[in-house]
Amino acid sequence: MHMTAGRTFAFIASLLPAVLSAAPVADTVYRNGYVYTIDAQDSVHQALAVRAGRIAYVGDDDGVQELIGSRTRVIDLQGRMLMPGLVDGHMHPQSGGSRLLNCSLDYQRLTVPQFQARIQACLDQEKDDPKRWLIVVNWFQQGMQPENVDMTRAALDALKTTRPIVVRSSFGHSVLLNSKGMQLAKVTRDAKAPPGGKIARDAQGEPTGILEDAAQDMAMDLLPPLTPKENLAATRAALDAMRRQGVTTFLDAFTDPETLTAYRQVQRAGKLTARAHFAVLIDHDKDAPGKRVAAAVKLARQFDQGDIRPAPSMQVRHAKLFMDGVISAPAFTGTMLEPYWINRGTAEQPDWGPGSDKGPDSYFSPALLRATLHALARAKLDPHIHTDGDRAVRDTLDALQDVRATKAGKALRPALAHGEIIDPADYPRFAQLDATPVLSFQWAKPAPDTVGALKDYMGPKRYATVEPQAVLQAAGARVAFGSDWPVDPLDQWFALKVAVTRMAAPDAGAEYAGRLTQQPGMSVADALRAMTINAAYTLRMEKQVGSLEVGKLADMIVLDRNVFDIPADELANVKVEQTVVGGRTVWP
């Protein structure tokens, strides 16, 4: 067929509308729903379309119609809620996954006989090998019954075994050893705890079997490392737990090369079902901070997988620092501005007042912290800093103020994790320094670890300020959420419920009824923002995930109910019906 140039152009032009109209056809369309975007206006729409792993449309049902083609998968939400996938800004997934495979006490409040029976049952399932450690996990140390029961090696020595035993507190800051374990770990009367650690002792100076913080390494360093097969199993178990809960992006807040290797293997097999971010430990020993930071940079270069894309990948762009331990009894390793309170009376006639112990000094000295943060800023690694006590928070904010004065320091996105006690004078400093508090919402409830392990030891004025979630936000802070799993079971929806109500589960018992202090709870919208876009900000992901907006990655979850249409007490019952990462359904 012969055409003139003009007729050829007209022919091609006549085809253009068909080509253009075919181009935007979506891979998947969700319609007839409550599409909660968490954009700047918290907009709600009816429909959303996905193309090539990204969001191509957010709007009403009529508007999405033109994106539906013969191969488009159309999902009728039937009024159900579609929202961004959850971003967990602080967890320990490899530990969580491995604990799903270990002898577990399941975070239960136990009497000593129940504690012993659970561990004996694990021992009885395996051959009694005197050279093989039994590792027991998810011990709710602060929940032991009766309250303040003295836990020592004697509880473990009574068991029928020749094996060394280590029982790991769910808080991650304490372990309990039996005598065989203490012998192997060389925990003797004359043993000295490493810096940042504590060996608990009785009135006669004998070690009790409890090791706190860095002293845990005296035992933990003796345990055989997970085999590559075990590491891989832990990774897969963690990812399975996350996708069931709707977690589509997470930060592993303390990683190691073995964990990174396992995740890389899963990612290369196309089985990574959440966007994986990792923080490399920067220790507080006497090594030059530059040397420590250089080692972290080397690990990042080895495992970081570059630009974000629809398929989940690995990013290693954070450094983890510990400023203190935990403020809860019996550890008292949280660094405080004022002393912990002590009982100078008796159990029957208590006389509580300030003692002399303010906990340890911050693990990083002011000079070392400033030098480390400056080195991280130059290396473009964001600091993720464990700060549980108010002195640890104050010291960290002071150092950040110094670092913010530099060009490199201005670009940092620092996060302060936990913040269970923060001096109210420091609340506005988070906004002033653009430092994000990453908080575990589920801790803000009456429970053994708040009432039993904090109330008397903080004194009434200070106790009234514990778990300052809504008040930090009111002071201008960008509050983000991090579950800290496996310190608690991975239950994001219970955490949401506690954020709003500051109340425990209905079956917690009469002693834990009511609200935790007189502080307000967060609104559902504010809590969800903390669990999505705010946490994404700490990972430098807010332009890619955390809200449902055109151009962003299609990381979304479908819920079985609308969280805005149910009583706050029922938020814990929410179930995730579908989890989507980069446009691909990963659950169910």
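Here, every reference points to the structure presented above.
Since the model is a prediction, treat every value here as computed from it, not as a measurement.

Cut-offs and rules
- Residues numbered from 1 in each chain as written.
- Predicted model: local features only at pLDDT ≥ 70, side-chain atom pairs only at ≥ 80, totals over all residues.
- Heavy atoms only, no water.
- Axes fitted to C-alpha atoms, helices over the stretch in contact; angles between N-to-C directions.
- Helix = DSSP H or I, 4+ residues; strand = E, 2+ residues; numbered from the N terminus.
- Parallel < 35°, antiparallel > 145°, perpendicular 65-115°, else oblique.
- Left-handed = near helix turned anticlockwise from the far one by under 90°.
- Contact = heavy atoms within 4.5 Å.
- Nonpolar A, V, L, I, M, F, W, Y, C, P; charged D, E, K, R; others polar.
- Salt bridge = Lys/Arg side-chain N within 4 Å of Asp/Glu carboxyl O.
- Phe/Tyr/Trp six-rings, centres within 6.5 Å; stacked < 30°, edge-to-face > 60°.
- Buried < 20%, exposed > 50% of the residue type's maximum accessible area, 1.4 Å probe, protein only.
- Lys NZ or Arg CZ within 6 Å of the ring centre and 35° of its normal.
- Expected span 1.5 Å × (residues − 1).
- Core = buried A, V, L, I, M, F, W, Y, C linked by side-chain atoms within 4.5 Å.
- Pairing = 2+ DSSP bridges.

1. With respect to the packing of helix α11 (residues 366–379) against helix α12 (residues 390–403)
Okay, so step 1: For the pair α11 and α12, interaxial distance at closest approach is 9 Å and the crossing angle is 50°. By the angle between their axes, α11 is oblique relative to α12. When you trace α11 past α12, the crossing you get is right-handed. Residues Leu 369, Arg 370, Leu 373 and His 374 of α11 form the contact with α12, whose participating residues are Asp 395, Thr 396, Ala 399, Leu 400, Asp 402 and Val 403.
Okay, so step 2: Of the residues assigned to the contact of α11 with α12, the class counts are five nonpolar, two polar and three charged.

2. Digging into the pattern of salt bridges
Okay, so step 1: Scanning all chains against the criterion turns up 21 salt bridges.
Okay, so step 2: For the salt bridge of Asp 106 with Arg 118, the shortest nitrogen-to-oxygen distance reads 2.7 Å. Placement of the pair is Asp 106 in the loop between β9 (103–104) and α4 (112–124) and Arg 118 in helix α4, with a sequence separation of 12 residues.
Okay, so step 3: Salt-bridge contacts for Arg 394 lead to Asp 426; the nearest nitrogen and oxygen are separated by 2.7 Å. Remark: Asp 426 occurs in the loop between β21 (415–418) and α14 (427–432) and Arg 394 occurs in helix α12; sequence separation between them is 32 residues.

3. Considering the packing of aromatic side chains
Okay, so step 1: Under the criterion given, the structure shown has 12 aromatic pairs.
Okay, so step 2: With centroids separated by 5.6 Å and ring planes inclined at 50°, the aromatic side chains of Phe 115 and Trp 139 adopt a geometry described as tilted. Taken together, the positions of Phe 115 in helix α4 and Trp 139 in strand β10 (residues 134–139) put the pair 24 residues apart, joining distant regions of the chain. For the pair Phe 115 and Trp 139, a shared accessibility class is recorded, and that class is buried.
Okay, so step 3: Taken together, a centroid distance of 5.8 Å and an interplanar angle of 65° make the contact between Phe 254 and Phe 322 edge-to-face. Taken as a pair, Phe 254 in strand β15 (residues 247–255) and Phe 322 in strand β17 (residues 314–322) lie far apart in primary sequence, 68 residues in all.
Okay, so step 4: Members of the aromatic cluster, connected to one another through ring pairs, are Phe 332, Tyr 340, Trp 352 and Tyr 457.
Okay, so step 5: Of note, Arg 413 hangs over the ring of Tyr 537, and the distance from its end group to the ring centre comes to 3.8 Å.
Okay, so step 6: The ring of Tyr 537 has Arg 478 sitting right over it, with the charged end atom 3.7 Å from the ring centre.

4. Remarks on helix α8 (residues 228–245)
In an α-helix, one turn spans 3.6 residues, which is why side chains three or four residues apart end up on the same side.
Okay, so step 1: Between its terminal C-alpha atoms α8 stretches 26 Å, which fits the 26 Å expected from 18 residues at 1.5 Å a residue.
Okay, so step 2: Turning to α8, its buried residues are Asn 231, Leu 232, Ala 234, Thr 235, Ala 237, Ala 238, Leu 239, Ala 241, Met 242, Arg 243 and Gln 245.
Okay, so step 3: With its phi angle positive at about 90°, Gly 246 sits one or two positions after the end of α8.

5. A few points about the nonpolar core
Okay, so step 1: Counting residues in hydrophobic clusters, the biggest one holds 85 residues, and the most contacted among them are Met 83, Tyr 263, Phe 441 and Trp 493.
Okay, so step 2: Those residues in contact with Phe 441 that lie beyond four places of it in its chain are Gln 469, Val 479, Ala 480, Phe 481, Ala 495, Val 498, Ala 499, Met 522, Ala 527, Ala 530 and Met 531.
Okay, so step 3: The next biggest cluster of nonpolar side chains, apart from the first, holds 20 residues, and it includes Cys 103, Leu 105, Met 151 and Ile 165.

6. Digging into unusual backbone geometry
Okay, so step 1: With omega at 15°, the peptide bond leading from Trp 485 into Pro 486 counts as cis.
Okay, so step 2: Residue Pro 588 is reached from Trp 587 by a cis peptide bond, and omega for that bond is 0°.
Okay, so step 3: Position of Pro 588 among the secondary structure elements: in the segment after β26 (584–587).
Okay, so step 4: Positioned with a positive phi, Ile 38 is a non-glycine residue whose angle comes to about 55°.
Okay, so step 5: A positive phi angle, close to 55°, is found at Phe 332, a residue other than glycine.
Okay, so step 6: With respect to the secondary-structure elements, Phe 332 resides in the loop between β17 and β18 (341–343).
Okay, so step 7: The exposure class of Phe 332 is buried, given its relative accessible area of 19%.

7. A look at the sheet that holds strand β24 (residues 556–559)
Okay, so step 1: Across the sheet, six strands lie side by side as β3-β2-β7-β24-β25-β26; this open sheet has mixed pairing. Looking along the sheet, the strands with just one partner apiece sit at the ends: β3 (44–45) and β26.
Okay, so step 2: Note: strand β7 (residues 81–84) against β24, four bridges, orientation antiparallel. Residue pairing for β24: Met 83 is matched across the bridge by Ile 557.

In short, shape yes, function no, at least from these values alone.
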